[in-house]
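Observations on the model geometry
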Amino acid sequence: MASGDDDDPIIEEIDVYLAKSLADKLYLFQYPVRPSNMTYDDVNHLSAKIKPKQQKVEVEMAMDAMSPNYCRSKGEQIALNVDGTTYDETTTYSAKMMDKQTFTSIQATTNTSRYAAAVFRKGELHITPLTGILQMRPSFSYLDKADTKTREREAANEGGDSSQDEAEEDVKAITVRFARPESEQARQRRIQSYDFLQKKQAEEPWAHLHYHGVKDGHSEHERQYLFCQSADASENSELVKTPKEYLAMLMPPLAEEKIVKPVGPSNVLSMAQLRTLPLGEQVKTLMKNVKVMPFANLMGLLASGTDSTAALRCIQQVALLVQGNWVVKSDVLYPKNTCSPHSGVPAEVLCRGRDFVMWRFTLERAVMRKEIASIIKLPPEDVKEFLEHVAVPRVNRGWEFLLSTDVEFIKKHTDVAHRQHMLWLGIQSKLEKVYNFSKDDFMPKNSPLPDPVHVSGEQRLQMAQDRAQGSKSSLQKDLDTRRAASSVHIKQEPVNDGEDEPMDTSSIHNGSVNGYPSATSPAFDHTNGNGGSPANTSSLELQDFVKKTFRKHFVLTLNEFKRLFGLHLASMPVGRSIFPSISDHMLQDAILLCQCKQIMVPFPAQTTAATDEQKVFGLWETGEEFDKQRRLLYDLFNKNYRVRRTIVHARLTQEFGEVSKADIDRLLNECCSSYAGMWYLKGTIQS
C-alpha cells in the first residue's frame, strides 16, 4: 500500500461546499437546435412564463427583421395567415410580420438528483443541486392558429350561402340521461388516459416572469447565491460523513422482504376458469391473448362437445379471416376511449392502422415494415406491435404471416369465407378513402404468367361428355319431381276442321307480355329469366335489399352500395348463403329495376374518383308527391357537378311556385352533402 501511495501522491486538496440558497429554483436550460457558440445572450427576450409543477417554461424572443437573412415577404405572409386582416388583443404579431418566436421546454430528464451546478473560486468548489434540466425548442403553435383561422373562413363561406332562417336551429326534443356511478376500475382508466393528463396539465396556471440579461445587476446579485453563504462546515452535514456512513451510502444494506408468490400471473386465466365463462367470452379471451389462430386450434382449446357452428358464430364477432386463419379485431385489442401505451395515439387511429396491416396480409404472404409505416404514418413502436401480433421477420423478405394458409377451412366453410371477403371489401373501401391509395398499387407487377396447358379437341369433347353423363341422372330426377308436383292438366279438345278461333288473352293477369314474364311479374327471375329456381329467391332477396336501402339513403354511388351490400352479407346467419355470386352488372340491373335511375354527374376532368364512385344512382319513384322535386334536383346534377342552395331554390320556385324552407332542407339532406358552401350528391365529394 505504501508503494502505491508513493506512485500516486496527493497534489492538492479542495474544500467542497453545498450551496442551498437556489436549491429549489435552479434550472439548467439547453438549446439543442443551435451550436454552443451561437447563444441567445444578446437577443431581446420579450416575455417568459413557467408552470413550476410541470417544470414547463415558455420564452418569447425577438427576431431581427432587418437582417439580410430575413425574408420580409414570408414573414408578412405568416402574420397574415395567423392573425388575418383584423388586429385586436389576441393578435400574435402586432407589427404585421413575424418578428418574434416562442421557445417551449421539455424535460431532458425527470431525475435530477445526480446533477448539480458548480462554481470554483479561491480553491473552493461550491455546488448547487439542480431542480430541473430543460431543453428549449422552437414552438410552432402559430401554425395551429393559422389552421383554425382557415377553418373558420371556410365555415363562414359555407354558411354565407344559407338564408337567415336557415341559421336558426330547429326545436328538437332532448332526452335527459343520468350517468351511472363510476366504478373504481373505470376511474383508474380515466385518470391514466391521455386526455385526462392533458386536461390536468392545462389546469395549472402560468406564472409570469421578468427576464434579466447575463450582465444585468440583478443577475450578478443572484449569481452570488451559487456560493455557500455559511463558512461553517458543520452546516454542510451532507458532505461530512464518517467512513462507515459513506460506505453505507455507497452500498446500502439489502432489505429482506417477504414476497408472497402469486398463484398465477395477473394476466393469465387458467383453463378451468376460462371454461366457466360463456362461449362468447371464452372465444374473445382466447383471441385477445393469442391474436391469430386457426379454427381447428380454437376448437381444441374449447371444452369437448362445443358446437362448432356456435363457435364459428362467436369468432366472427371478435375476429376477421386472414388467409384462412382468424385474427382478432382491432377494436377488441384497442377499445374506444383508450390510447397506445407507447405513443398515446387514440384507439380510433390505431384501429385504422392495424386494419391496414391485416388487409395487406389478405393480399400477400409478406409485407415490408417501411412501406406500412410510410402509409399509415404511426410511430415505429405501434407499427412493430401490429406486425408482431400476426407476423415474424424474415431475412430479405420483410414480415411474413405467422401461419400457413388454412385451405381446408376455406373449402369447408365457403359461405363464411365469402362473407368475410365481402367484409374485407367494405374495410378496403374505407381504408382507400383514409389513406388515399388503390388496391392496384399493391398488386405485384410483371408477375410471371402460369405455363399454358394445351388440351386437344378430343380431350375437351371427352370431358364434356363425362360431365353431361354425370349430370344426366340428377337432371332427370329433378324433372320427374317437377312433373309430379305440377297440378296443371291439359284438356283434350276435338280438332276443329273449320275456321280457327282467335285466342282470348283478356283474362291473363300473370304479369306476362307476349308470353314472356315482365320485370314486374312475381314469377320473373332477373338472373335466369324464369321462376321457381333458387336463383329466383336470390333475385327477389336482392331486389328487396335494393328497395329498403334506397328508401333509406335515396342517393348512392355504386361503390357505397357494394359496401352496404357486403355488410348485409356479413350480418346474415351462418349457413345461409342465397347469394352464391353476384357481379357488378347484376347489382346495377337490380338497382335500375327497383324504381331507380342513374344520374349522369359530370365529374371534373381532374377527378380522382374511381369508376364505381362515378356511377351514381337515385331513387326515382316512391309514390309520393315529393318525387317531382327529387327528379328536378337530379336533373340539375345531370348538368352540374355541384350546385348552390340558391340555384336549387330558384329552380324549384320556377317549376312549382313558392317552396317552403322545410321542403328544401328535406330535399338537400336526403340526397346531398354540403362542403365549402356548395352542395354535392352523396358520395361525390372528393377527399
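Residues numbered from 1 in each chain as written. Predicted model: local features only at pLDDT ≥ 70, side-chain atom pairs only at ≥ 80, totals over all residues. Heavy atoms only, no water.

Quick notes on the overall build of the protein chain
- Counting secondary structure elements, the protein chain contains 26 helices and 22 strands.
- Across the 687 residues in the protein chain, those meeting the buried criterion constitute 31%.
- At a minimum sequence separation of 6, the contacts of the protein chain that also span at least 24 residues come to 64%.
- Just so you have it, the protein chain exposes about 46,500 Å², and 53% of that area is on carbon and sulfur atoms. (Helix = DSSP H or I, 4+ residues; strand = E, 2+ residues; numbered from the N terminus. Buried < 20%, exposed > 50% of the residue type's maximum accessible area, 1.4 Å probe, protein only. Contact = heavy atoms within 4.5 Å. Areas by Shrake-Rupley, 256 points an atom, 1.4 Å probe, with all protein chains shown as cover.)

Things to note about the sheet that holds strand E1 (residues 15-18)
- Taken in spatial order, the three strands line up as E1-E7-E6 in an open sheet, and their pairing is mixed. A single partner strand is all that each edge strand has here, and the edge strands are E1 and strand E6 (116-121). Taken over all neighbouring pairs, the strand axes of this sheet differ in orientation by 25° on average, direction set aside.
- Two elements, E1 and strand E7 (residues 124-129), share four bridges in a ladder whose sense is parallel. Looking at E7, one finds that Leu18 is bridged to Ile127. (Pairing = 2+ DSSP bridges. Axes fitted to C-alpha atoms, helices over the stretch in contact; angles between N-to-C directions.)

Details of the pairing of strand E20 (residues 616-619)
- Here E20 shows no split at all, with Val616 and Gly618 on one side and Phe617 and Leu619 on the other all buried.
- Where strand E18 (residues 555-557) lies against E20, three bridges are found, and the strand directions are antiparallel. Looking at the pairing, Val555 lines up with Gly618 of E20.

Some points on the sheet that holds strand E11 (residues 319-322)
- What the three strands build is an open sheet, ordered E10-E12-E11; its pairing is antiparallel. Lying at the two open borders of the sheet, with one neighbouring strand each, are strand E10 (292-293) and E11.
- The sheet contact formed by E11 and strand E12 (residues 325-328) spans four bridges and is antiparallel. Bridging across to E12, Leu321 finds its partner in Trp326.
- This element, helix H18 (residues 414-435), spans E11 and E12 of the sheet and lies at about 100° to E11.

Considerations on the nonpolar core
- With 54 residues, the main nonpolar core has Met287, Trp326, Phe356 and Phe361 as its most contacted residues.
- When residues in this core are grouped by element, the largest group, eight residues, is from helix H14 (residues 347-363). (Core = buried A, V, L, I, M, F, W, Y, C linked by side-chain atoms within 4.5 Å.)

Thoughts on the pairing of E7
- The sheet contact formed by E6 and E7 spans six bridges and is antiparallel. In the sheet register, Arg121 faces E7, and the bridge partner there is Glu124.
- Hairpin connection, E6 to E7: the antiparallel pair is bridged by two residues, and Lys122 has positive phi, about 50°.

Regarding the packing of H14 against helix H16 (residues 380-390)
- The interhelical angle for the contact between H14 and H16, taken along N-to-C directions, is 45°, at an axis separation of 10 Å. In this view, H14 runs oblique relative to H16, as classed from their interaxial angle. In this structure, H14 crosses over H16, and the sense of that crossing is right-handed. Between H14 and H16, the residues in contact are Leu350, Gly353, Arg354, Val357 and Phe361 and Asp382, Phe386, Leu387, His389 and Val390, respectively.
- Looking at the contact of H14 with H16, its residues break down into six nonpolar, two polar and two charged. (Parallel < 35°, antiparallel > 145°, perpendicular 65-115°, else oblique. Left-handed = near helix turned anticlockwise from the far one by under 90°. Nonpolar A, V, L, I, M, F, W, Y, C, P; charged D, E, K, R; others polar.)

Thoughts on the packing of aromatic side chains
- Following the criterion strictly, the structure yields 18 aromatic pairs and no others.
- Relative to Phe561, the ring of Phe545 has its centre 5.6 Å away and its plane inclined at 50°; by these criteria the two rings are tilted. Of this pair, Phe545 sits in helix H20 (residues 534-553) while Phe561 sits in helix H21 (residues 558-570); the two residues are 16 residues apart in sequence, bridging distant segments of the chain. Take Phe545 and Phe561: they sit in the same class, and that class is buried.
- Look at Phe550 and Phe561: their rings are 6.0 Å apart centre to centre, the planes differ by 35°, and that puts the pair in the tilted class. (Phe/Tyr/Trp six-rings, centres within 6.5 Å; stacked < 30°, edge-to-face > 60°.)

Focus on the pattern of salt bridges
- On inspection of all chains with the given rule, the structure shows 26 salt bridges.
- Put simply, Asp584 and Lys562 hold a salt bridge, and the shortest N to O gap is 3.3 Å. Here Asp584, found in helix H22 (residues 584-592), pairs with Lys562, found in helix H21; they are 22 residues apart in sequence, far enough to count as distant.
- Relative accessible area serves as the criterion here: at 31%, Asp584 is assigned to the partly exposed category.
- A residue is classified by how much of its surface remains accessible, and Lys562, at 24% relative accessible area, is partly exposed. (Salt bridge = Lys/Arg side-chain N within 4 Å of Asp/Glu carboxyl O.)

As for unusual backbone geometry
- For Asn337, which is not glycine, the phi torsion reads 65° and is therefore positive.
- Following the sequence through the fold, Asn337 ends up in the loop between helix H13 (330-333) and H14.
- In this structure Asn337 comes out as exposed when scored by relative accessible area, which is 66%.
- The phi dihedral of Gln595 is positive, around 55°, even though this residue is not glycine.
- Accessibility expressed as a relative area gives 41% for Gln595, which makes it partly exposed.

Things to note about the confidence of the model for the protein chain
- Mean pLDDT over the protein chain works out to 79, with 77% of the residues at or above the 70 mark.
- A low-confidence stretch, residues 486-532 stays under pLDDT 50, and its non-local contacts, those more than four residues away or across chains, total 36 contacts. (pLDDT = per-residue confidence, 0-100.)

A few points about a nonpolar patch on the surface
- A grouping of Tyr246, Leu247, Met249, Leu250 and Met251 is seen on the molecular surface, where their side chains present a nonpolar patch of about 600 Å² in accessible area.
- Of note, Leu250 is situated in helix H8 (residues 243-250). (Patch = residues over 30% accessible without salt bridge, like charges linked within 9 Å, V, L, I, M, F, W, Y side chains within 5 Å.)

Points about the side chain of Ser330
- Along the chain, Ser330 falls in helix H13.
- Once you skip the residues sitting within four places of it in the chain, Ser330 turns out to touch Cys351, Arg354, Asp355 and Met358.

Some points on the state of the cysteines
- For the structure shown, the criterion picks out zero disulfides.
- Between Cys672, a cysteine without a disulfide, and Cys671, which holds the nearest cysteine sulfur, the sulfur-to-sulfur distance is 5.7 Å.
- A relative accessible area of 5% places Cys672 in the buried class. (Disulfide = S-S within 2.5 Å.)

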